[in-house]
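# Results of the structural survey
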Amino acid sequence: MRPAEEVPQTSPTPAPSGHEPVTVERGSFCTARCGCGWSGPARRSRDRARTDAAEHRAAP
C-alpha cells in the first residue's frame with residue numbers, strides 16, 4: 001500500500017490535448033502533476049492546485 005501523500009487525489013477526465021494532470025498531496029501541500037512531465041507549484045490550497053491542473057489541461 002502506498003502512503004497517502006503519494007496517492008493521486010483527483011483524476012480529471014482526459015483532455016483532448018492528451019494531458020491528464022492529477023493532484024498529489026505531500027504533507028500539508030498539494031501539487032498538480034501531469035504525465036508529460038509538467039508539475040505545478042506546491043500549494044497549501046488544494047483548490048488552487050486543482051485550478052493549476054485545469055489550466056495546464058486547457059493549454060495547447
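A brief look at the structure comes next. All of these numbers come straight from a predicted model, not from anything done at the bench.

Attention shifts here to helix α1 (residues 46-58). With 13 residues, α1 ought to run about 18 Å at 1.5 Å a step, and its terminal C-alpha atoms sit 19 Å apart, in line with that. In this structure, the buried residues of α1 make contact with β2 (22-26) and β3 (29-33).

Turning our attention to the pairing of β2. The sheet contact formed by β2 and β3 spans 5 bridges and is antiparallel. Counted as the bridge partner of threonine 23 is alanine 32 from β3. Hairpin connection, β2 to β3: the antiparallel pair is bridged by 2 residues, and glycine 27 has positive phi, about 65 degrees.

It is worth spelling out the side chain of histidine 56 at this point. Along the chain, the position of histidine 56 falls in helix α1. Taking the relative accessible area as the measure of exposure, histidine 56 reaches 12% and is therefore buried.

Attention now moves to the state of the cysteines. Tallied over the entire structure, the rule returns 0 disulfides. Counting only cysteine sulfurs, cysteine 36 is the nearest neighbor of cysteine 34, a cysteine outside any disulfide, at a range of 3.7 Å. Exposure remark for cysteine 34: the relative accessible area of 12% places this residue in the buried category.

Counting across every chain of the model gives 5 salt bridges. Of the charged contacts, one joins glutamate 25 and arginine 46 as a salt bridge, the two residues approaching to 3.3 Å between their closest N and O atoms. Remark: arginine 46 occurs in helix α1 and glutamate 25 occurs in strand β2; sequence separation between them is 21 residues. Taking the relative accessible area as the measure of exposure, glutamate 25 reaches 22% and is therefore partly exposed.

Cut-off values and rules
Residues numbered from 1 in each chain as written. Predicted model: local features only at pLDDT ≥ 70, side-chain atom pairs only at ≥ 80, totals over all residues. Heavy atoms only, no water. Helix = DSSP H or I, 4+ residues; strand = E, 2+ residues; numbered from the N terminus. Expected span 1.5 Å × (residues − 1). Contact = heavy atoms within 4.5 Å. Pairing = 2+ DSSP bridges. Buried < 20%, exposed > 50% of the residue type's maximum accessible area, 1.4 Å probe, protein only. Disulfide = S-S within 2.5 Å. Salt bridge = Lys/Arg side-chain N within 4 Å of Asp/Glu carboxyl O.

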